[in-house]
Amino acid sequence: MTVKDPPVLSMLQTPARKAPPMTVRTRAVAAVLGTLAPMAAQAQSMTGEPAGSGPVLAALQWVEGTLLGNLATTAAVIAVAVVGLMMLTGRIDWRRGLTVILGAFIVFGAVAIVSGIRSVASGAR
C-alpha cells in the first residue's frame, strides 16, 4: 500500500501563476481614481469635525490640559532649574541638559508651533 502526498503538499509544489497584465481600461480607472483622491481628501479636511469625534476630541483636550496645566508648568520649571544647576556643576552633560530644556520649550510651545504651520499651509493654497 502506497501513501499519497497530502493535498497541501501538492498545492505547495505547483508553480505560481503570473498576474494578468494591466489592460488599458484598468490603467484608465487607476488614473481617474488617482486624480480624484486628492479632491476627496481636501473635501474631507474642509468640513470640520467628523461625526462621532466628540469623545476623542474631549480626551485629547484633557491630555492637552494636563500637559499644559499648572502642575505640568510647575514640574517643568523645577526640572529646568535642576537640570541647569546640574549642568553648571558638571554632573550632567551639556548636550543632555540642553535636550531636556529644548523638550520643555517644544511641549509648551506646541500650540504656537502648530498654529504657525497651519497658517503657512493655508497660505500656500
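Residues numbered from 1 in each chain as written. Predicted model: local features only at pLDDT ≥ 70, side-chain atom pairs only at ≥ 80, totals over all residues. Heavy atoms only, no water.

Among the surface-exposed residues, Trp62, Val63, Leu67, Leu68, Val107, Phe108 and Val111 lie close enough to one another that they form a single nonpolar patch of about 620 Å² accessible area. Listing elements by their share of the nonpolar patch, those giving two or more residues are α3 (54-68) and α5 (94-108). A total of four residues in the nonpolar patch trace back to one element, the largest contributor, which is α3. Structurally, valine 111 is set in helix α6 (residues 110-123). (Patch = residues over 30% accessible without salt bridge, like charges linked within 9 Å, V, L, I, M, F, W, Y side chains within 5 Å. Areas by Shrake-Rupley, 256 points an atom, 1.4 Å probe, with all protein chains shown as cover. Salt bridge = Lys/Arg side-chain N within 4 Å of Asp/Glu carboxyl O. Helix = DSSP H or I, 4+ residues; strand = E, 2+ residues; numbered from the N terminus.)

All right, on to α5 then. Across its 15 residues, α5 extends 21 Å between first and last C-alpha, which sits within 8% of the 21 Å expected from 1.5 Å per residue. By the burial criterion, the buried members of α5 are Gly97, Ile101 and Ala104. Looking straight down α5, one finds its buried side chains confined to an arc of 50°; they lie on one side. Projecting away from the buried face of α5 at angles above 90 degrees are the exposed residues Arg95, Arg96, Thr99 and Leu102. Where the residues of α5 are buried, they touch α4 (70-89). (Expected span 1.5 Å × (residues − 1). Buried < 20%, exposed > 50% of the residue type's maximum accessible area, 1.4 Å probe, protein only. Arc of directions from axis to C-beta. Contact = heavy atoms within 4.5 Å.)

The next point concerns the packing of α3 against α4. Direction vectors running N to C along α3 and α4 enclose 40°, while the axes themselves pass 4 Å from each other. Here α3 is positioned oblique relative to α4, judged by the angle of their axes. Where α3 abuts α4, its residues Thr66, Leu67 and Leu68 lie against Asn70, Ala72 and Thr73. Residues that form the contact of α3 with α4 fall into these classes: three nonpolar, three polar and no charged. (Axes fitted to C-alpha atoms, helices over the stretch in contact; angles between N-to-C directions. Parallel < 35°, antiparallel > 145°, perpendicular 65-115°, else oblique. Nonpolar A, V, L, I, M, F, W, Y, C, P; charged D, E, K, R; others polar.)

Right, let's get into the environment of valine 107. Position of valine 107 among the secondary structure elements: in helix α5. Judged by its relative accessible area of 38%, valine 107 falls in the partly exposed class. Taking the C-alpha atoms as reference points, valine 107 and alanine 76, 31 residues apart in sequence, are found 9.7 Å from one another. Residues within four places of valine 107 in sequence aside, it is in contact with Leu67 and Leu68.

Another point: the packing of α4 against α5. At a minimum axis separation of 9 Å, α4 and α5 run at an interaxial angle of 160°. Taken together, the axes of α4 and α5 are roughly antiparallel relative to one another. With respect to the hand of their crossing, α4 and α5 are arranged in left-handed fashion. Contact with α4, carried on its side by Ala72, Thr73, Ala76, Val80, Val83, Met87 and Leu88, involves Trp94, Gly97, Leu98, Val100, Ile101, Ala104 and Phe108 of α5 and no other residues of that element. Here the residues of the contact of α4 with α5 sort into 12 nonpolar, two polar and no charged. (Left-handed = near helix turned anticlockwise from the far one by under 90°.)

In this model, the protein chain carries a mean pLDDT of 75, and residues with pLDDT of at least 70 account for 60%. Here residues 39-44 is a poorly scored stretch, pLDDT under 50, and it has zero contacts once near neighbours within four places are set aside; other chains count. (pLDDT = per-residue confidence, 0-100.)

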